Amino acid sequence: MLLVRRFEERTAQAYTEAKIGGYCHLNLGEEATVVGLMAAIEERDYLFTNYRDHGYALIRGMDPGRVMAELYGRQDGVSKGWGGSMHLFDTDVRQLGGYGIVGGQLPLAAGAALAVSYRDGDEVVMCQMGDGTTNIGAFHETLNMATLWNLPIVFVVVNNQLGMGTTVEMSSAEPELYKRASAYRMESARVDGNDVIAVRDAAKVAVERARKEQKPYLLETVSGRLKGHSVVDPAAYRSKDEVEAVRAQDPVAGLHDKLIADKVADADQLAEIDADVHRIVKAAVEFAEKSPAPEVSSLFDYTYASPVPNDSRRLPADPLFPVGA
């Protein structure tokens, strides 16, 4: 959890220094949910996430240096510098994106689960999304198909209670989002997303059901978002009381205090862990800054997995037709 926290804090700093560009969404405040979910799936399982994906990439096993290099848009990034913050993808750890389109990952995750089922595999697909995604058509279409086809998939709604700046209560007729699974005769549960153990245990139930019974599951984790929707969002739509309430539930600080209170660790041990994490993050930044920028000529190299006739390789400044044509 500290790795996610310190990495995201350093990412925000790099963004303000203009070393990271484009859209950038952080997992600050969602560390317990991220770690709990990743503790519940196995190496053989597949993961699809939305654009708030940095923490999942780190805990799933992507190298922090390569993740940071991707945020910097450098060649040594996990997507060779062309994906950026929202598109962290690594087949070695079976994290298949990072998707910038809200709900865009759901049909693809269902397709992966269908492939597993077709091959009689025992892998599980976990598909993470934000609360706003539950109002997208792809959410309902995919859940419907998942039940009809008995797919081994766990849908996880990370409910940080704000779809960008709109509260769940203002955008959803049923704000208890896990209940939406009942329309598709799908098992579901809701859990405190600030409690890493509770998230892990609830996710394990969901994953094992999907694996053993080949049936989908919807898990809702409720956690706060410490910052705005993205790095550039000042979150002016929140009142001072709301901000303080979220900070009071900080999962990292809460676990720190609980470990000491339960005598699992002392302050010196936890400080040592934090120092180790700082070293990891510092090394990741140094790696990213030394990595070269990708060549412009490689911009279209990974547009398609295989050659496509007549695919456009035209850059924005290029003329539509050759000069003199």
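Residues numbered from 1 in each chain as written. Predicted model: local features only at pLDDT ≥ 70, side-chain atom pairs only at ≥ 80, totals over all residues. Heavy atoms only, no water.

## Examining the overall build of the protein chain
- Within the protein chain, the regular secondary structure consists of 11 helices and 9 strands.
- Taken against the 2.2 N^0.38 rule, which gives 20 Å for 325 residues, the C-alpha radius of gyration of the protein chain at 20 Å falls within 12% of a compact globule.
- Taken along its principal axes, the extent of the C-alpha atoms in the protein chain is 75 × 50 × 40 Å.
- Sequence-distant contacts in the protein chain: of pairs separated by 6 or more residues, those separated by 24 or more amount to 71%.
- Total accessible area on the protein chain is roughly 16,200 Å²; 54% of this is exposed by carbon and sulfur atoms.
- Separation between the mean location of the 34 positive side-chain charges and that of the 47 negative ones in the protein chain comes to 1 Å. (Helix = DSSP H or I, 4+ residues; strand = E, 2+ residues; numbered from the N terminus. Rg over C-alpha atoms; globule rule 2.2 N^0.38 Å. Contact = heavy atoms within 4.5 Å. Areas by Shrake-Rupley, 256 points an atom, 1.4 Å probe, with all protein chains shown as cover. Lys, Arg positive; Asp, Glu negative; His and termini not counted. Charge placed at Lys NZ, Arg CZ, Asp CG, Glu CD.)

## Points about the pattern of salt bridges
- A full pass over the atoms with the stated rule returns 22 salt bridges.
- Taking the shortest distance from any N to any O, the salt bridge between K19 and E17 comes out at 3.6 Å. (Salt bridge = Lys/Arg side-chain N within 4 Å of Asp/Glu carboxyl O.)

## So, the UniProt feature "domain: Dehydrogenase E1 component" (unreviewed entry) in the protein chain
- Residues annotated by UniProt as "domain: Dehydrogenase E1 component" (unreviewed entry) correspond here to residues 2-296.
- Its end C-alpha atoms 36 Å apart, residues 2-296 is made of 45% helix and 12% strand. (UniProt positions renumbered as here; feature names shortened; annotations may be inferred.)

## Some remarks on a nonpolar patch on the surface
- Residues L114, M145, L148 and W149 make up a contiguous nonpolar surface patch of about 380 Å² in total accessible area.
- Looking at where W149 falls in the secondary structure, it is placed in the loop between α6 (137-148) and β5 (153-159).
- A residue is classified by how much of its surface remains accessible, and W149, at 44% relative accessible area, is partly exposed. (Patch = residues over 30% accessible without salt bridge, like charges linked within 9 Å, V, L, I, M, F, W, Y side chains within 5 Å. Buried < 20%, exposed > 50% of the residue type's maximum accessible area, 1.4 Å probe, protein only.)

## Quick notes on helix α10 (residues 251-261)
- Near the N-terminus of α10, the side chain that reaches the backbone nitrogen of V252, with its oxygen 2.9 Å away, is that of D250.
- Trailing α10 by a residue or two, K263 shows a phi angle of about 60°, which is positive. (Polar contact = N/O pair within 3.5 Å; in protein donor to acceptor, adjacent residues only side chain to side chain.)

## Overview of the side chain of E220
- Looking at where E220 falls in the secondary structure, it is placed in strand β9 (residues 217-222).
- Engagement of the side chain of E220 in a polar contact is seen with the side chain of R190, the distance being 3.1 Å.
- Ignoring anything within four residues of it in the chain, the contact list for E220 reads V157, N159, P175, E176, L177, Y178, A189, R190 and V191.

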